[in-house]
Amino acid sequence: MMQTKTIISQIMTMGLMFTGLITQAQKQPNIIFIIPDQMRAQTLEEGADRYVKTPTLDNFKERAVNFTQAVANYPLCSPTRGMIFSGTHPFRNQVMQNCQSFTTHLDCELQKDELCWSDILKKNGYDLGYIGKWHLDSPRAPYIDCKNNRGKRKWNEWCAPDRRHGFSYWHAYGTYDYHLNPMYWDTDAKRNEYKFYDQWGPIHEANKAIDYISNKGGTYRDTNKPFALVVSINPPHTSYSHVPQKYKDLYKDLDVTTLCNTPNIPKKGTKWGDYYRKNIKNYYACISGVDEQIGRVLQSLKDQGIDDNTIVIFTSDHGDCIGIHQQQGKNNWYEEAIRVPFIVKIPSHNKQIDVDHQLGSLDIYPTILGLLGLENQIPSHLKGINYTPAITGVGKQKTTDHQWYIRTANGVKEKGVRGVRTDRYTFIIENKSDNKQYRYLFDRKNDPYQLNNIVQKKRSKAKQMMKMLKNDLQKYDDPFVIL
């Protein structure tokens, strides 16, 4: 461990000395940020999801720092991504809902003038690449002609070059859920110049990531500069069935009843109970397929001889209930939705370290800059915590005892759901259609499946967590009204 601390300390020192000159670039570590969509933390842990086959990520975690209490503050695709890239809360970055045509009138998209961590890396001499799902632009007429835009609600949109926040290589889309025939815009493609590919999305994206890392044909990046690459993979997002048969076959002999023996899964014969039973094996298949592609990307770092100078971060934008607690997917306060994996592999570190710090979406931005030795460039307006000391073992770590939970009501800032989550308790205030507010308190230690609302039994604890919530409302300029 001392050797790891020394090496990382040296890397960070070189980062602090970095002036943005190409002659100094080789001293800066590369970074790869891998983020599949809707992969709950439980799929990499012992427990109800223990049947998931993830050999790559299991091995990766055994050589990395694993945050066991990482959460998505707003477990919905666009809001989480907005927080991750801007480091700011939805009331500042304006991504208060998913970016889709019903929220375009709210200007619900990542703003051009946001100072993202990628912008800072660009200014510091990094070459940046983005591959996969972006989902931070509002669709506008005339809408892109694709399946996700055929219904009343439109989802997919091109990201113009001046909205890409420093990413010079681009092979991405807004959001498109037909994973077996995905579509992408290349770096120089105009809005009407998207292409479809007859290849499973994660395989295609891994191929592109490998080409970027190896700089195939000398056209992907400037090899005189350090690079930062985002690989944003859509599965295991719906549709779960859009996955190659080879990954489905991994679970063909698994009895689905063995996957449904926890009390938070609705009974067979109910709407959401049947939904879970129909989709859970395909959800696992998607994860196994993603796992294999991540393995290919990590192997390419070794093949190029740069794995010892590359930081790798693996996380997800949020989890997925798949019917658990009668919840179709995400955007709720249950552990299956809000808890995410957050695993960091730093150079020359080959031992699993589990840390239980309360890490949230807003902490990722300052942590990325901290890991690259650029902590002095973390914007002063950010509210997140730099968790670099916990990862490197160097320096004193600032912590928090809870994380804020938010869900707006169709863009109405004053309503929706708010709450706080500690290492043991979840406290929630929910606005419902009857114009009343309902309060919930769950003791996840004694009630791990969050079945019993004890808000009336534990009034002193509820009062304590209410105080935390009120402090958060002030901290994040949140206009939510507590009745």
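(A) Representation of the overall build of the protein within the structure. When its secondary structure is counted, the protein shows 13 helices and 14 strands. For 483 residues, the compact-globule estimate of 2.2 N^0.38 gives 23 Å, and the protein sits close to it at 22 Å. Dimensions of the protein along its principal axes, counting C-alpha atoms only, are 65 × 50 × 45 Å. Within the protein, contacts between residues separated by at least 24 positions form 68% of all contacts whose residues are at least 6 apart in sequence. Total accessible area computed for the protein in this model is approximately 19,500 Å², and 47% of it derives from carbon and sulfur atoms. Across the protein, the centroid of the 65 positively charged side chains sits 5 Å from that of the 51 negatively charged ones.

(B) Main features of the packing of aromatic side chains. Counting across every chain of the model gives 32 aromatic pairs. Between the aromatic rings of Phe-67 and Tyr-387, the centroid separation amounts to 5.8 Å while the plane-to-plane angle is 70°, which identifies the pairing as edge-to-face. Here Phe-67, found in strand S2 (residues 65-67), pairs with Tyr-387, found in the loop between helix H11 (364-371) and helix H12 (388-392); they are 320 residues apart in sequence, far enough to count as distant. For Phe-67, a relative accessible area of 1% translates into the label buried. Using a relative accessible area of 0% as the deciding quantity, one classes Tyr-387 as buried. Each ring, one from Tyr-334 and one from Phe-442, has its centre 6.3 Å from the other, and the planes form 55°; the classification is tilted. Taken together, the residues span a long stretch of sequence, with Tyr-334 in the loop between strand S8 (310-315) and helix H10 (335-338) and Phe-442 in strand S14 (residues 437-443) at a distance of 108 residues. We classify Tyr-334 as buried; its relative accessible area is 12%. Aromatic ring contacts, followed pair by pair, group Phe-33, Phe-85, Trp-117, Tyr-130, Trp-134, Phe-167 and Trp-170 into a single cluster. A cation sits over an aromatic face here: Arg-221 above Tyr-212, 5.9 Å from the ring centre.

(C) Region of the structure containing the sheet that holds strand S9 (residues 342-345). One open sheet accounts for 10 strands, arranged S6-S5-S4-S3-S7-S1-S8-S9-S2-S10; its pairing is mixed. Where the open sheet ends on each side, the last strands, each with one partner, are strand S6 (195-196) and strand S10 (353-355). Sheet topology places strand S3 (residues 127-133) next to strand S7 (residues 227-233); six bridges connect them, and they run parallel. If you follow Tyr-130 over to S7, its bridge partner there is Val-230.

(D) Representation of the environment of Ala-172. Residue position: Ala-172 is located in strand S4 (residues 169-173). Setting aside chain neighbours within four positions, we find Ala-172 in contact with Tyr-130, Gly-132, Tyr-184 and Trp-185.

(E) Fine view of the pairing of S3. Of all seven residues that make up S3, seven are buried, and the element is covered over most of its length. Strand direction decides the pairing type here: S3 and S4, joined by five bridges, are parallel. Among the inter-strand pairings, Ile-131 is bridged to a residue of S4, identified as His-171.

(F) Highlighting the pattern of salt bridges. Taken as a whole and assessed by the stated rule, the structure comprises 18 salt bridges. For the salt bridge of Arg-424 with Asp-443, the shortest nitrogen-to-oxygen distance reads 2.9 Å. Remark: Asp-443 occurs in strand S14 and Arg-424 occurs in the loop between strand S12 (412-421) and strand S13 (425-431); sequence separation between them is 19 residues. Taking relative accessible area as the criterion, Arg-424 reaches 27% and is therefore assigned partly exposed. Owing to a relative accessible area of 7%, Asp-443 belongs among the buried residues under this scheme.

(G) Here's a closer look at helix H4 (residues 77-86). Counting buried positions over the 10 residues of H4 gives 10, a clear majority of the element. Buried within H4 we find Cys-77, Ser-78, Pro-79, Thr-80, Arg-81, Gly-82, Met-83, Ile-84, Phe-85 and Ser-86. Of the surrounding secondary structure, the elements contacted by the buried residues of H4 are strand S1 (30-36), helix H5 (90-93), helix H6 (117-123), S3, S7 and H11. Two residues or fewer after H4 comes Gly-87, characterised by a positive phi angle close to 75°.

(H) Fine view of the nonpolar core. Ile-32, Leu-229 and Phe-314 are the most contacted members of the largest nonpolar core, which totals 59 residues. Of all the secondary-structure elements, those providing two or more residues to this core are S1, helix H3 (55-61), helix H7 (201-214), S7, helix H9 (271-303), S8, H10 and S14. Per-element accounting of this core gives the leading share, 14 residues, to H9. Not counting residues within four places of it along the chain, the set of residues in contact with Ile-32 comprises Ile-213, Phe-227, Leu-229, Val-231, Val-297, Leu-301, Thr-310, Ile-311, Val-312 and Ile-313. With 48 residues, the next largest nonpolar core counts Ile-31, Cys-116, Ala-228 and Leu-374 among its residues.

Conventions we followed
Per chain, residue numbering runs from 1 following the sequence as it is written. Restriction of local features to residues with pLDDT of at least 70 applies here, the model being predicted, together with a cutoff of 80 or more for giving and counting side-chain atom pairs; totals for whole chains, interfaces and linings are based on all residues. Excluding hydrogens and water, the side-chain figures rest on all heavy atoms present in the structure. The helix and strand labels rest on DSSP assignments: H or I over at least four residues marks a helix, E over at least two residues marks a strand, and numbering proceeds from the N terminus. The globule rule used for comparison is 2.2 Å times the number of residues to the exponent 0.38, while the radius of gyration itself is calculated over C-alpha atoms. Between two residues, a contact is recorded if the distance between any of their heavy atoms is within 4.5 Å. For the accessible areas, the method is Shrake-Rupley and the probe is 1.4 Å, while residue cover comes only from the protein chains on display. Positive residues here are Lys and Arg, negative ones are Asp and Glu, while His and the chain termini are left out of the count. The atoms used to mark charge sites are NZ of Lys, CZ of Arg, CG of Asp and CD of Glu. Two aromatic rings, drawn from Phe, Tyr or Trp (for Trp, its six-membered ring), form a pair once their centres lie within 6.5 Å of each other, and the interplanar angle then sorts them: stacked below 30 degrees, edge-to-face above 60, tilted otherwise. Using a 1.4 Å probe on the protein chains alone, a residue whose accessible area is under 20% of its type maximum counts as buried, one over 50% counts as exposed, and one in between counts as partly exposed. Any Lys NZ or Arg CZ found within 6 Å of a ring centre and within 35 degrees of that ring's normal is scored as a charge over the ring. The rule for pairing is simple: two strands pair if DSSP sees at least two bridges between them. One speaks of a salt bridge when a side-chain nitrogen belonging to Lys or Arg is within 4 Å of a carboxyl oxygen belonging to Asp or Glu. Residues belong to a common nonpolar core when they are buried Ala, Val, Leu, Ile, Met, Phe, Trp, Tyr or Cys residues joined through side-chain atoms within 4.5 Å.

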